Amino acid sequence: MTLARDIYGNVFTGGCVTLMARAVSHQAEVLTPSNISSVNYSIYLLSNDDPQKMESVTGYTNISLSVNDVLYSELQKDKRWIIDETGYNFCHTLTNSHGTIFTLTNRDYLVVYRFTMTDDPQHEKEIILRFRIFVI
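Quick summary incoming for the structure in this document. What you are looking at is a predicted structure, and each value in this text was computed from that prediction instead of being measured.

1. Observations regarding the overall build of the protein
For step 1, the next point in the chain: Helices and strands together make up the secondary structure of the protein, namely 1 helix and 9 strands.
For step 2, the next point in the chain: The N-to-C order of helical and strand elements in the protein reads β-β-β-β-β-α-β-β-β-β.
For step 3, the next point in the chain: Since a compact globule built from 136 residues should have a radius of gyration of about 14 Å, the 15 Å found for the protein is in line with a globular shape.
For step 4, the next point in the chain: Here the protein holds 136 residues, and the buried ones make up 39% of them.
For step 5, the next point in the chain: Counting contacts in the protein only where the partners sit at least 6 residues apart, residues at least 24 apart contribute 66% of the total.
For step 6, the next point in the chain: Of the roughly 8,100 Å² of accessible surface on the protein, 48% is carried by carbon and sulfur atoms.

2. Focus: the environment of H98
For step 1, the next point in the chain: Here H98 is to be found in the loop between β7 (88–94) and β8 (108–117).
For step 2, the next point in the chain: Judged by relative accessible area, H98 falls into the partly exposed class, the value being 42%.
For step 3, the next point in the chain: The sequence separation of H98 and S47 amounts to 51 residues, and the corresponding C-alpha distance is 22 Å.

3. Topic: the sheet that holds strand β2 (residues 17–21)
For step 1, the next point in the chain: With antiparallel pairing, the 3 strands of this open sheet are ordered in space as β2-β7-β6. Among the strands making up the open sheet, the edge pair consists of β2 and β6 (71–76). Averaged over neighbouring strand pairs, the angle between their axes works out to 40° when direction is ignored.
For step 2, the next point in the chain: Strand direction decides the pairing type here: β6 and β7, joined by 2 bridges, are antiparallel.

4. So, the layout of surface pockets
For step 1, the next point in the chain: As a volume, the largest pocket reaches approximately 980 Å³.
For step 2, the next point in the chain: R5, I7, A21, R22 and L129 are, among the 30 residues lining the largest pocket, the residues nearest its centre.
For step 3, the next point in the chain: At the level of elements, β1 (7–11), β2 and β9 (126–135) are the ones that each hand at least two residues to the lining of the largest pocket.
For step 4, the next point in the chain: The element best represented in the lining of the largest pocket is β9, accounting for 6 residues.
For step 5, the next point in the chain: The residue makeup of the lining of the largest pocket, split by class, is 18 nonpolar, 6 polar and 6 charged.

The rules behind these values
Residues numbered from 1 in each chain as written. Predicted model: local features only at pLDDT ≥ 70, side-chain atom pairs only at ≥ 80, totals over all residues. Heavy atoms only, no water. Helix = DSSP H or I, 4+ residues; strand = E, 2+ residues; numbered from the N terminus. Rg over C-alpha atoms; globule rule 2.2 N^0.38 Å. Buried < 20%, exposed > 50% of the residue type's maximum accessible area, 1.4 Å probe, protein only. Contact = heavy atoms within 4.5 Å. Areas by Shrake-Rupley, 256 points an atom, 1.4 Å probe, with all protein chains shown as cover. Pairing = 2+ DSSP bridges. Axes fitted to C-alpha atoms, helices over the stretch in contact; angles between N-to-C directions. 1 Å grid on protein atoms, 1.4 Å probe; cavity = no way out; pocket = protein on both sides within 12 Å on 5 of 7 lines; lining within 4 Å. Points joined across faces, edges and corners; volume = space filled by probe spheres on them. Nonpolar A, V, L, I, M, F, W, Y, C, P; charged D, E, K, R; others polar.

Below, the structure written as structure tokens:
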């Protein structure tokens with residue numbers, strides 16, 4: 001069974017944020033660009049009353065990204081990565097290029113990345129990476 005959890009972070013109101021992770025397959029193998037045929041993301045504003053309720057942020061639904069722009073062939077270890085000594089292979093900076101994203105202070109947003117696998121023998125064609133971002 002694959003461990004599923006959100007990655008938490010903070011951002012200033014109206015700000016930009018760089019999201020990083022070690023993305024792995026359902027078999028816990030580190031993903032590389034050769035494993036992935038496409039990646040897209042969507043951003044949602046979560047309800048204060050019910051975190052299962054969310055609304056899409058205008059301009060940020062199913063945005064396609066270049067796989068090679070956000071996923072590395074080898075794990076990276078630089079000063080930005082402070083989680084462990086192993087490193088990260090996913091990095092994406094959210095800017096306000098499609099409109100201001102994080103406009104509401106003291107609210108949670110959910111950023112969902114969907115990776116489509118090129119070939120998976122277990123027929124698990126999609127890997128989901130989620131970041132829960134609190135606006136301060």
